[in-house]
Amino acid sequence: MAISSPPIDQVGALPAQDGWLAITHQFCRRRPLGAIGAAVIVVMFVVAVAAPLIAPYDPVVNDFGGMLAAPSRAHWLGTDAFGRDVLSRLIFGSRTALLVGFGSSVLGATLGAVLGVASAYFGGRVDLYLQRLMDIFLSFPLIILALALVAILGNSIPNLIVAIMIPMVPRAALVIRASALAIREMPYVDAARAAGFRHGRIILRHMLPNVMAPYLIMLTAFLGQAVLLESSLSFLGLGVQEPMAAWGLMLRGAAVEFAETAPWMAVFPGLAISLSVFAFNLFGDSLRDALDPRLRTQ
Amino acid sequence: MTKYLVKRFLLMLPTLLGVALVTFVLIRVIPGDVVELRYSGDRGAVSQDLLDKERARIGLDKPMWQQFATWLWGVVRLDFGTSMWTGAPIWEEIKLRFALSLQVAIMATIVAVILAIPLGVLAALKQDTWVDYSVRIFSIAGLAMPSFWLGIVLILLMLVVFKWLPPMVYTPFWVSPWQNLAQLIWPALAVGYRYSAVATRMTRSAMLEVLREDYIRTARAKGLMQKLILSRHALKNAMLPVMTVVAIEFAFLIGGLVVTEQVFNLNGIGLLFVQAVAHRDYTLLQALVMLVAGLFIVVNFLMDAAYAWIDPRIRYR
């Protein structure tokens, strides 16, 4: 870049280094798929925040006069077995999906990161026991552990977040521990130890910021999984409860029963789940490619 | 080699024991128990005395550690006891349903491998072209669609387009293979597509890595046909991580069928699991979790053993 002389009008204004705008611009140009994913996520956020303004109807009010109505001018995506507007429920459902998705992924990845880094930093016995404990939790399929936890905790939104978060912790810890092992050998960690800092400070201030890349990778990978898990649990009747709007819940019961006569009830919530998870995965994949030089495909 | 395997095998035991302990405690923390649930229909008409007697009959009155010890001693002798809800032997409850879930899992694996390997190789060969992008989008879409929804859509499509509904009553394979496959191929497709996504991505990245190796360049330099390079040199070496992913996913699949079975009305392990949680059927739940987690742990062990066998460097670590 230094060799080719820049156009005259750009000489004066040096590009703001590492500015958010510059990074965003570069990400969009280099990874169009990731940018599409990010755009969908942003739209979802806007919809979720502005739900009461956008939604044409109240998502929980029944209208037994207009049950199972086909998509029309009045109800763009039709109505469900209680006469509730499907579009409005989809819009309000995005709140549930984002809340549970982000809540559990952020908590799960963070707790996993702390455990993973601590495990790598202390090594020896602590590492061995922590790893065995993680092994135990890794042996449960994601959904089965979440299912048992929801049964214990009950199915409010915060409990749902905890139930989905816990199975993610060992998965994050495993990956982040591997990166932290390399960082432990870095001279600056030795220096911090020589300076007499306490363990907690070294872990939080010196090591944790340096596992940011795998942390973000795990976090974005969890987002899609958390949304899927929430919808699966709600579909089984163990997650979000009626009459609250949630995409998985919308696919439960009547949606399957009347799938033939009222397919809009079964099709649209699934599309919403798929689209949002698709966006999370696209964005997460591109972020991983951008952050992890080993996986870079060039 | 033997020493490595023995060490690895012994590491498996504490994990299994830990799984057993965690399960045992977790499910007893779930509010309510099987006795309470069974008599809850009578709305408190049952005396506390009867409840206590019933609890004593199935051993729920003993201290937790004693219950655990009794159960563990049974497991060691491969005796999982009887279901607390139905009273039938656990093995009887699980046998048929496990066969059903296993069949769906195996069929889904076949679907996944058939999809994943050609697509992954193609994407790697045409890296950064529209072919690569399409394969990538196809596989990310597979990860995004909930398989239970895919199941609903599949059934709906068949109903609308072909005016045909797959049989909803289970027929064992040996009774009528066609009837059996006509029912089970749909859940296998729905689950297999999702499952293929992981394997496709793994195939692609493993192939990309292998294609950059020196021995591939050597093979090209000595004028070997592209087809031969791919099948003999590249694919063979790229298969190891792919097989690992497939094996691990397979181990998880049986437990992961929970939701899909609901849609296709399959009376498999997944449905049994949900029922067992609802009934607080401790013995059945414990057996199911041990089955699923045990399968996962054993598959992991076998993969490690296979790695050590294929790659001598691992043994000496």
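Reading guide: rules and limits
- Residues numbered from 1 in each chain as written.
- Chains lettered and ligands numbered in written order.
- Predicted model: local features only at pLDDT ≥ 70, side-chain atom pairs only at ≥ 80, totals over all residues.
- Helix = DSSP H or I, 4+ residues; strand = E, 2+ residues; numbered from the N terminus.
- Buried ≥ 20, exposed ≤ 12 C-beta atoms within 10 Å, placed from the backbone.
- Contact = placed C-beta atoms within 7 Å.
- Nonpolar A, V, L, I, M, F, W, Y, C, P; charged D, E, K, R; others polar.
- pLDDT = per-residue confidence, 0-100.

Colleague: Explain the overall build of chain B to me, please; I cannot follow it from the model alone.
Modeller: Per the secondary structure count, chain B includes 14 helices and zero strands. When the elements of chain B are put in sequence order from the N terminus, they spell out α-α-α-α-α-α-α-α-α-α-α-α-α-α. For chain B, the spread of C-alpha atoms along the principal axes amounts to about 85 × 60 × 35 Å. Residues counted as buried form 36% of the 317 residues belonging to chain B. In chain B, of all internal contacts separated by at least 6 residues, the share reaching a separation of at least 24 is 74%.

Colleague: How do you make sense of the interface of chain A and chain B when you look at a structure like this?
Modeller: Interfaces are often described in size by the accessible area the parts lose on coming together. At the interface, 34 residues of chain A touch 38 residues of chain B. Those elements that provide at least two residues to the side of chain A that touches chain B are α6 (124-138), α7 (142-153), α12 (212-235) and α15 (263-291) of chain A. If one sorts the elements of the side of chain A that touches chain B by residue count, α15 of chain A sits on top with 11 residues. Of the residues assigned to the side of chain A that touches chain B, the class counts are 22 nonpolar, eight polar and four charged.

Colleague: Would you mind going over the environment of Leu-216 of chain A with me for this structure?
Modeller: Residue and element names in this part refer to chain A. Its place among the elements puts Leu-216 in helix α12. Look at Leu-216 and you get partly exposed, because 17 C-beta atoms sit within 10 Å. As a C-alpha pair, Leu-216 and Val-43 span 173 residues in sequence and 21 Å in three-dimensional space. When sequence neighbours within four positions are dropped, the list of residues in contact with Leu-216 reads Leu-287 and Leu-291.

Colleague: Can you walk me through the confidence of the model for chain B in this structure?
Modeller: Regions with low pLDDT should not have their predicted coordinates read in detail. Scored by pLDDT, chain B has a mean of 83; 96% of the residues are at 70 or more. Across the assembled chains, the prediction reports ipTM 0.83 with pTM 0.85.

Colleague: Honestly, the confidence of the model for chain A in this entry has me stumped. Any pointers?
Modeller: Considering every residue of chain A, the mean pLDDT works out to 84; 92% of them sit at 70 or more. Confidence over residues 1-16 of chain A falls short of pLDDT 50; this stretch has three contacts with residues more than four positions distant or in other chains.

Colleague: Would you take a moment to explain unusual backbone geometry for this structure?
Modeller: A negative phi holds for most residues other than glycine; trans holds for most peptide bonds. Omega for the peptide link from Glu-242 of chain A to Pro-243 of chain A comes to 0 degrees, which places this bond in the cis form. By secondary structure assignment, the location of Pro-243 of chain A is in the loop between α12 and α13 (247-250). One non-glycine residue, Asp-128 of chain B, adopts positive backbone phi at about 65 degrees. Mapped onto the fold, Asp-128 of chain B is located in the loop between α5 (90-125) and α6 (130-144).

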